[in-house]
Amino acid sequence: MPLAVGAVTPPADDLVVEPFLSAQPQVGSIGATWTDPTGRVWELTGPHEVHGWLTTQQVAGWGAAPRTFVTDPLARGGVTVRHIRAEPRRITWPLHVYGDTHQEFVGRYRSLMRAFMLTAQMGRPGVLRVSRPDGTAREIEAFCEDGWSGAGGENWVYANPVLTLMCPDGFWRDTEPRAVRREYQSGGSPFLSPYLTVSPGQVLGATEVVNPGDVDGWPIWTITGPSTLITAANHTTGQQFGLSYNLPAGEAIVVDTSTHRPTVRGPAGQNLVGALNWPGADLWSFTAGVNSVEFTVDGSGAGTSLEVLFFPRYEAA
């Protein structure tokens, strides 16, 4: 006689999808995708009739970033806060995967599971992106930590994996960086007199760069020669750094502060951290809001340019 194996998911046509699960823009809806470490993009919010899976409405952990408060006890009672550290976050992302037959379900389940587990196999994060009805979107890098072990009574023609995504940086970011570029200009109005500025509308003195995020945005600087010394100051935060290096025309130095271990790389990829003006060098960030910044360049000429890229970062999706 046949063996009962548990509940069977209803046919796809009978599934009820809440409004925010639809892939089509509508009032109150969101969209979500997962980009695996190979660069392939997977739709998570529909249309489920095409993909055979959908996101349910129990998503958690996509609000404010977690913090740890380091405190010292006071003799009179209570504590004083010595340091506040932003922590990685964990997002709970529930899915429903189904198929009209066992083989159809298994194919869908295995392919989606692999898309997330590649983060552990390759040691590289994927990217979770959430889009809003107004066309804006934010994303966060994540590793799949748990959720594909399988629950009792499932994995015949449906499953409800609840994924735990570990995000090393607890903050969400814009999907595209803010970019500002300035180049040496000959003739007309001089570009360097002696200042190099990131503002297209100014030539001399300080300029302003706006960071619309909730927290600091860490920039990537690309300096193209010729130059012998570049000095970058953020007057809003009171920080600055100088980089002394004889950079030939057409070659570039990249100062990357966007990672937890900032790097300074020369034209051949060599480590140029020693070229910074230690001990006073401070590889600063763009604080939330308006930043008054100023750049000076020595030894500039035709071809000298400066490009600054940074991702605004936010507390929530």
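The preceding data block contains the structure.
Residues numbered from 1 in each chain as written. Predicted model: local features only at pLDDT ≥ 70, side-chain atom pairs only at ≥ 80, totals over all residues. Heavy atoms only, no water.

1. Some remarks on the overall build of the protein chain
Argument step 1. When helices and strands are counted, the protein chain shows two helices and 22 strands.
Argument step 2. Here the protein chain holds 317 residues, and 40% of them are scored as buried.
Argument step 3. Long-range pairs, those at least 24 residues apart, make up 69% of the contacts in the protein chain between residues at least 6 apart in sequence.
Argument step 4. Accessible area of the protein chain: about 16100 Å², with a carbon and sulfur share of 54%. (Helix = DSSP H or I, 4+ residues; strand = E, 2+ residues; numbered from the N terminus. Buried < 20%, exposed > 50% of the residue type's maximum accessible area, 1.4 Å probe, protein only. Contact = heavy atoms within 4.5 Å. Areas by Shrake-Rupley, 256 points an atom, 1.4 Å probe, with all protein chains shown as cover.)

2. Details of the packing of aromatic side chains
How two aromatic rings sit relative to each other is given by the distance of their centres and the angle of their planes.
Argument step 1. Counting across every chain of the model gives 13 aromatic pairs.
Argument step 2. Ring geometry for Phe105 against Tyr109: centres 5.4 Å apart, planes inclined by 40°, an arrangement best described as tilted. Remark: Tyr109 and Phe105 occur in helix α2 (residues 102-122); sequence separation between them is four residues, near one turn of the helix.
Argument step 3. Looking at Tyr109, the relative accessible area reads 8%, which means it is buried.
Argument step 4. Feature note: the residues Trp221, Phe241, Trp284, Phe286, Phe295 and Phe310 constitute an aromatic cluster, connected by ring pairs.
Argument step 5. If you follow Arg108 out to its NZ or CZ, it ends over the ring of Tyr98, 5.5 Å from the centre.
Argument step 6. Its guanidinium or amino end placed over the ring of Phe311, Arg173 lies 5.1 Å from that ring's centre, counting from NZ or CZ. (Phe/Tyr/Trp six-rings, centres within 6.5 Å; stacked < 30°, edge-to-face > 60°. Lys NZ or Arg CZ within 6 Å of the ring centre and 35° of its normal.)

3. Notes on the pattern of salt bridges
Argument step 1. Scanning all chains against the criterion turns up nine salt bridges.
Argument step 2. Between Arg173 and Glu141 there is a salt bridge; the shortest N-O distance is 3.6 Å. Of this pair, Arg173 sits in strand β11 (residues 172-174) while Glu141 sits in strand β8 (residues 137-146), and the two are 32 residues apart along the sequence.
Argument step 3. For Arg173, a relative accessible area of 21% puts it in the partly exposed group.
Argument step 4. A relative accessible area of 36% means that Glu141 is categorised as partly exposed.
Argument step 5. Taken together, the shared-partner salt bridges connect Arg129, Glu139, Glu141 and Arg173 into one network. (Salt bridge = Lys/Arg side-chain N within 4 Å of Asp/Glu carboxyl O.)

4. Side note on a nonpolar patch on the surface
Argument step 1. Taken together, the side chains of Phe69, Val81 and Ile84 make up a nonpolar region of the molecular surface, amounting to roughly 290 Å² of accessible area.
Argument step 2. Summarising the element assignment, Val81 is placed in strand β5 (residues 79-86).
Argument step 3. By relative accessible area, Val81 is classed as partly exposed at 47%. (Patch = residues over 30% accessible without salt bridge, like charges linked within 9 Å, V, L, I, M, F, W, Y side chains within 5 Å.)

5. Description of the nonpolar core
Argument step 1. Trp34, Trp93, Phe116, Leu128 and Leu165 are the most contacted members of the largest nonpolar core, which totals 29 residues.
Argument step 2. Put simply, the parts of the chain that give this core at least two residues each are β1 (31-35), β6 (89-98), α2, β7 (126-131), β8 and β10 (162-167).
Argument step 3. A total of six residues in this core trace back to one element, the largest contributor, which is α2.
Argument step 4. With residues up to four places along the chain from it excluded, the contact list for Trp34 reads Arg40, Val41, Trp42, Leu44, Ala115, Phe116, Thr119, Gly126, Val127, Leu128, Ala142 and Leu165. (Core = buried A, V, L, I, M, F, W, Y, C linked by side-chain atoms within 4.5 Å.)

6. Some remarks on the side chain of His96
Argument step 1. By the element assignment, His96 lies in strand β6.
Argument step 2. Judged by its relative accessible area of 10%, His96 falls in the buried class.
Argument step 3. A polar contact of 2.7 Å, which involves the side chain of His96, links it to the side chain of Asn160. (Polar contact = N/O pair within 3.5 Å; in protein donor to acceptor, adjacent residues only side chain to side chain.)

7. Structural notes on the environment of Asp72
Argument step 1. Counting through the fold element by element, Asp72 comes out in strand β4 (residues 67-73).
Argument step 2. Expressed as a C-alpha distance, the spacing of Asp72 and His83, which sit 11 residues apart in the sequence, is 9.6 Å.
Argument step 3. Apart from residues lying up to four places away in sequence, Asp72 is in contact with Gly78, Val79, Thr80 and Arg82.
Argument step 4. Looking at Asp72, its side chain comes within polar contact range of the side chain of Arg82, at 2.8 Å.

8. Here's the deal with the layout of surface pockets
Argument step 1. Considering only enclosed or pocket space, the largest pocket measures out at about 650 Å³ in volume.
Argument step 2. Every residue lining the largest pocket is counted, 23 residues in all, and those nearest its centre are Asp169, Ser258, Thr259, His260 and Arg313.
Argument step 3. Listing elements by their share of the lining of the largest pocket, those giving two or more residues are β8 and β21 (305-310).
Argument step 4. Looking at the lining of the largest pocket element by element, the count peaks at three residues for β8.
Argument step 5. Looking at the lining of the largest pocket, its residues break down into 12 nonpolar, five polar and six charged. (1 Å grid on protein atoms, 1.4 Å probe; cavity = no way out; pocket = protein on both sides within 12 Å on 5 of 7 lines; lining within 4 Å. Points joined across faces, edges and corners; volume = space filled by probe spheres on them. Nonpolar A, V, L, I, M, F, W, Y, C, P; charged D, E, K, R; others polar.)

9. With respect to the pairing of β8
Argument step 1. Across six bridges, the pairing between β7 and β8 is antiparallel. Paired with Val127 across the bridge in β8 is Glu141.
Argument step 2. Here β8 pairs with β11 via two bridges, running antiparallel. Along β11, the bridge assignment pairs Glu139 with Arg173.
Argument step 3. By the bridge criterion, three bridges tie β8 to β10 in an arrangement that is antiparallel. Bridge pairing in β10 places Cys144 opposite Leu165. (Pairing = 2+ DSSP bridges.)

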